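Chains, contacts and geometry: an overview
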Amino acid sequence: MDNILTNLKKINIFIEDLILLREGETSNTFTGRLKRKKIIIKVFKKFNTNFKINSYLTKETLTELSNKELHPKVLYKNKTKGILIYEYHETSLCKKDNMFFKKLGNRLKEIHELKNKKNIHTFNEQIEAYKKILNINKLPKVFEKLNALIKMSKTNHQENVFSHNDLNPTNILFNKNICFIDYEYASLNNKFFDISKIMLSFDMNPNEQNVFLESYGIKNHIDIREKILLWKQINLYIDYIWSLIMENIHGKEQNFLKSKTLFNKIKQLEQQIKLKKQ
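These lines cover the structure that appears in this document, whether it is placed above or below. (Residues numbered from 1 in each chain as written. Predicted model: local features only at pLDDT ≥ 70, side-chain atom pairs only at ≥ 80, totals over all residues. Heavy atoms only, no water.)

Details of the nonpolar core
The test is simple: Among buried residues, the Ala, Val, Leu, Ile, Met, Phe, Trp, Tyr and Cys ones that are joined through side-chain atoms within 4.5 Å form a nonpolar core. Only protein chains enter the accessibility calculation, which uses a 1.4 Å probe. A residue is then buried if its area is under 20% of the maximum for its type, exposed if over 50%, and partly exposed in between. The numbering of helices and of strands both runs from the N terminus, where a helix is a DSSP run of H or I of at least 4 residues and a strand a run of E of at least 2. In this analysis, two residues are considered to be in contact whenever any of their non-hydrogen atoms come within 4.5 Å of each other.
With 72 residues, the main nonpolar core has Leu104, Ile195 and Phe212 as its most contacted residues. Looking at which element gives the most residues to this core, the answer is helix H8 (residues 222-250), with 14 residues. For phenylalanine 212, the contacting residues outside a window of four places in its chain are Phe101, Leu104, Gly105, Leu108, Ile195, Ile198, Met199 and Met204. Listed in part, the 13 residues of the second largest apolar core include Ile4, Leu18, Ile41 and Ile85.

Below, the structure is given as structure tokens:
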């Protein structure tokens, strides 16, 4: 932490009360105070140049996200040094009711309508990077299944949107409105990747799904439900592949249980889909 403070002092940024909030897979997150205001500092790790992350760290994209309050206000960023500082966004516990899912659908639509897409890498580029890191020859069946699912999705790349790609509940902050953090894995992707990820993360019941989709602007008919099931599978395979990458980096002991849990979820979902088709 001393190195962080020293480096920031060199550019006349003086942080007080620096505390490690959490150690992440691609970054460490700290809280602190700048001019007596509470802030968040993200320090990105540089353990693998093959990762396709942080393409959102451009002035244009961050400005658009901040202006629409889809991300807390950015105070400082330096992509080369791997530092991002933004205002602390107070979040509160809220009831996950229809009103919440309606707001969530509206806000997700705003992310997907971002106009600036320059220098944002694609979902396919992320997958190709994962293949290089893991060595596809060691996991041919996993990537074969993922490729088959993506092919089944019939994604039109011209319809790709700016996608967050990691919308678990810890990255969704709620106060008077909803905003989002940790865009490290953002890319150009099919809108149903984020939609299905949120549905998985919140384990939505049918009524909640209807409210969420309608607020986004989608009618929940059978074709949409099949598409969502498909993208849920893609989401789980991506999470599983990522957990295997973490095993390679940090050791199997720390990540084996997560990998096993994700693998079991994949099999459970595949079994549910198989039963529905019978």
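As for helix H5 (residues 140-152)
Rules: For a helix, the expected span equals 1.5 Å multiplied by the number of residues minus one. Directions from the helix axis toward the C-beta atoms define the arc.
With 13 residues, H5 ought to run about 18 Å at 1.5 Å a step, and its terminal C-alpha atoms sit 18 Å apart, in line with that. Among the residues making up H5, those that are buried are Val142, Phe143, Leu146, Leu149 and Ile150. End-on, the buried residues of H5 take up no more than an arc of 120 degrees, which puts them together on one face. Residues of H5 that are exposed and point over 90 degrees away from its buried face: Lys141, Glu144, Lys151 and Met152. Next to the buried residues of H5 lie helix H4 (123-134) and H8.

Examining the side chain of asparagine 220
The cut-off we apply is this: Polar contacts, as counted here, are pairs of nitrogen or oxygen atoms within 3.5 Å of one another; within protein the pair requires one atom able to donate a hydrogen and one able to accept it, and residues that are adjacent in sequence qualify only if both atoms are side-chain atoms.
Position of asparagine 220 relative to the elements: it lies in the loop between helix H7 (206-216) and H8. A polar contact of 2.7 Å, which involves the side chain of asparagine 220, links it to the side chain of asparagine 210. Here asparagine 220 is in contact with Gln209, Asn210, Leu213 and Arg225, once residues within four sequence places are set aside.

Considering the pairing of strand E1 (residues 15-23)
The cut-off we apply is this: For two strands to count as paired, DSSP must find a minimum of two bridges between them.
One ladder, built from 6 bridges, connects E1 with strand E2 (residues 27-34); its direction is antiparallel. The residue bridging arginine 22 from the neighbouring strand is threonine 29, located in E2. Once E1 ends, the chain turns through 3 residues before running back antiparallel as E2.

Overview of the environment of aspartate 97
For aspartate 97, the position within the fold is in the loop between strand E5 (83-87) and helix H3 (98-112). Sequence separation of aspartate 97 and isoleucine 266 is 169 residues, and the distance between their C-alpha atoms is 27 Å.

Notes on the pattern of salt bridges
Under the convention used in this document: Salt bridges are counted wherever a side-chain nitrogen of Lys or Arg sits within 4 Å of a carboxyl oxygen of Asp or Glu.
This model, assessed by the stated rule, comprises 8 salt bridges. Across the salt bridge formed by lysine 131 and glutamate 128, the nearest N and O atoms sit 3.1 Å from each other. Of this pair, lysine 131 and glutamate 128 both sit in helix H4, 3 residues apart, roughly one helical turn. For lysine 131, a relative accessible area of 12% corresponds to the buried category. Lysine 197 is the salt-bridge partner of aspartate 239, the closest N and O atoms lying 2.9 Å from each other. Here aspartate 239, found in helix H8, pairs with lysine 197, found in helix H6 (residues 191-202); they are 42 residues apart in sequence, far enough to count as distant. One continuous salt-bridge network, built from bridges that share partners, spans Arg22, Lys42, Asp182 and Glu184.

What to know about the pairing of E5
Of all 5 residues in E5, 4 are buried; the element is thus mostly enclosed. Here 4 bridges tie strand E4 (residues 74-78) to E5, and the two strands are oriented antiparallel to one another. The residue bridging tyrosine 76 from the neighbouring strand is isoleucine 85, located in E5. The turn joining E4 and E5, which pair antiparallel and follow one another in sequence, is formed by 4 residues; a positive phi near 70 degrees is taken by glycine 82.

A few points about unusual backbone geometry
Backbone geometry places aspartate 17, a non-glycine residue, at a positive phi of 55 degrees. Relative to the assigned elements, aspartate 17 resides in strand E1. Within the chain, glutamate 69 stands out as a residue other than glycine whose phi angle is a positive 55 degrees. The residue glutamate 69 is located in the loop between helix H2 (59-67) and E4 in this model.

Notes on the packing of aromatic side chains
Keep this limit in mind: What counts as a ring pair is set by centres within 6.5 Å for rings of Phe, Tyr and Trp (its six-membered ring), and what kind of pair is set by the plane angle: stacked under 30 degrees, edge-to-face over 60, tilted for all other angles. Charges are assigned to positions over rings by a cutoff of 6 Å between ring centre and Lys NZ or Arg CZ, combined with an angular limit of 35 degrees from the ring normal.
Under the counting rule described, the total for this entry stands at 12 aromatic pairs. Ring geometry for phenylalanine 101 versus phenylalanine 202: centroids 5.8 Å apart, planes at 85 degrees, classification edge-to-face. Taken as a pair, phenylalanine 101 in helix H3 and phenylalanine 202 in helix H6 lie far apart in primary sequence, 101 residues in all. Per residue, the accessibility class of phenylalanine 101 equals that of phenylalanine 202, and both read buried. Among the aromatic side chains, those forming a connected cluster through ring pairs are Phe100, Phe101, Phe174 and Phe202. The ring of tyrosine 88 carries the charged tip of lysine 38 above its face, separated from the ring centre by 4.1 Å. Over the ring of phenylalanine 100 we find lysine 96, and its NZ or CZ is 5.2 Å from the ring centre.

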